[in-house]
Amino acid sequence: MQINAKTTLLAAAVALTLAATAQAQEQVVKIAHVGPITGPVAHVGKDNENGARMAIDDLNAKHLVIGGKQIKFVLQAEDDGSDPKQATSVAQKLVDAKVAGVVGHLQSGTSIPASKIYFDAGIPQISPSATSAKYTEQGFNTTFRVVANDAQLGAAMGRYAAKTLHAKKVAVIDDRTAYGQGLATEFLKDAKANGVDVVSTQYTNDRATDFSAILTAVKAKQPDLIFFGGIDASAGTMLRQMRQLGITAKFMGGDAICTGALPRLAGEGLLDDQVYCAIAGGVENQAPLDAFKAAYKQKYQADIVQYAPYTYDAVMLMATAMQEANSVDPKKYLPKLSKIQYTGVTGKIAFDAKGDIKNGTLSIYTFRNGQQTLLSLTK
């Protein structure tokens, strides 16, 4: 009995030692996602968060070993409410939590102020959707994005309005956010360069729901096309009110209106081939994206809204850079991230000296029968 007891105690001690060793060899690595989970674009923010969570789950299924330790990735998800002040507060919280990297924010107006905090802490930040040129023009070596910027987006839409839609007179409305104002400015520049006459320029805000005064002023100018720099929630309401006022002009906007939610938000205001929009991302090899969409739908019982695939790739980029550096330390994997050559579900990703994606592809869509229809891919 004494021998058995000693043997049992020895076996238990060995088991505890092995468990402690295994636990010591596992390292928890926190990657953050930040986006609006409340407010008018919460549906887009949650979609991005879902994409990040899928990436974390897929990474953990690989049981990666980095720096001699098995890595357990954890997603720290935060809500910035589309508010710049809340965004900076969240950014400081993530710095204090010692996250290894940040994917986000969704919007330029939140990504830009938060980027200084991440830069000061040396934490890499990859936005899957912020398009303002200012975001990567600050000289921060921690700042990246996996989509094209507003200069590229606005130029493409300005050319498309003039040369494909043959618009002669356009009205421009923007919501005064960093995104909306920046995109409208770039569109105006290229539309004018292509001979389009800008007959009205109007302003609103991203929380407005009544556009009747603006639209009445626009209607008097009889434009062929209305360009809107703003979000899908505002665009949906605007399209409803355009129909009520009998405005038949075509409607154009950027990636923030080019979502799967626009048909629901616009209702009967969305007519076939009336709305044209561009996404600051485009996929030339559709098979990996189709596989991602199917996996997303199986996991969340919903279709992607817009940028979930880009969020997924952003998380994967960070993990790949960590593997190449054999370290999860931001200071050590950051140089690898800046020079990365990666092929993800959205295509080939590499960054230029500012952190912008090289050779970013743009997708131009319309809506038919309540569904997004791809018209063209452009650089």
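See the structure printed just above.
Everything quoted here is computed from the prediction, not taken from an experiment.

K.L.:
Please set out the pairing of strand S1 (residues 26–35) residue by residue, giving values where relevant.
P.N.:
The pairing of S1 with strand S3 (residues 69–79) spans 10 bridges and is parallel. Within S3, the position partnered with Gly35 by the bridge is Asp79. With three bridges joining them, S1 and strand S4 (residues 101–103) adopt parallel strand pairing. Counted as the bridge partner of His33 is Val103 from S4.

K.L.:
Before we move on, could you go through the side chain of Ser200 and cite the residues and values that matter?
P.N.:
Residue position: Ser200 is located in strand S8 (residues 197–203). The class of Ser200 is buried, set by a relative accessible area of 8%. In terms of polar contacts, Ser200 uses its side chain to reach the side chain of Gln202, at 3.1 Å. If we ignore the near neighbours within four places in the chain, the residues touching Ser200 are Val170, Ala171, Val172, Val218 and Lys221.

K.L.:
So what about the layout of surface pockets? Which residues, and what values?
P.N.:
There is about 600 Å³ of room inside the largest pocket. The wall of the largest pocket is formed by 27 residues, among which Lys293, Ile304, Val305, Tyr365 and Gln372 lie closest to the centre. Sorting the residues of the lining of the largest pocket by element identifies helix H10 (286–300), helix H11 (308–325), strand S14 (362–368) and strand S15 (371–378) as the ones contributing at least two each. For the lining of the largest pocket, the element with the highest residue contribution is H10, accounting for five residues. Of the residues assigned to the lining of the largest pocket, the class counts are 13 nonpolar, 11 polar and three charged. Shared between two domains, the lining of the largest pocket takes at least three residues from each, and those domains are domain 1 (27–148 + 284–359) and domain 2 (151–279).

Reading the values: the criteria
- Residues numbered from 1 in each chain as written.
- Predicted model: local features only at pLDDT ≥ 70, side-chain atom pairs only at ≥ 80, totals over all residues.
- Heavy atoms only, no water.
- Pairing = 2+ DSSP bridges.
- Helix = DSSP H or I, 4+ residues; strand = E, 2+ residues; numbered from the N terminus.
- Buried < 20%, exposed > 50% of the residue type's maximum accessible area, 1.4 Å probe, protein only.
- Polar contact = N/O pair within 3.5 Å; in protein donor to acceptor, adjacent residues only side chain to side chain.
- Contact = heavy atoms within 4.5 Å.
- 1 Å grid on protein atoms, 1.4 Å probe; cavity = no way out; pocket = protein on both sides within 12 Å on 5 of 7 lines; lining within 4 Å.
- Points joined across faces, edges and corners; volume = space filled by probe spheres on them.
- Nonpolar A, V, L, I, M, F, W, Y, C, P; charged D, E, K, R; others polar.
- Domains from an automatic or database assignment.

Taken by themselves, the reported measurements are silent on function.
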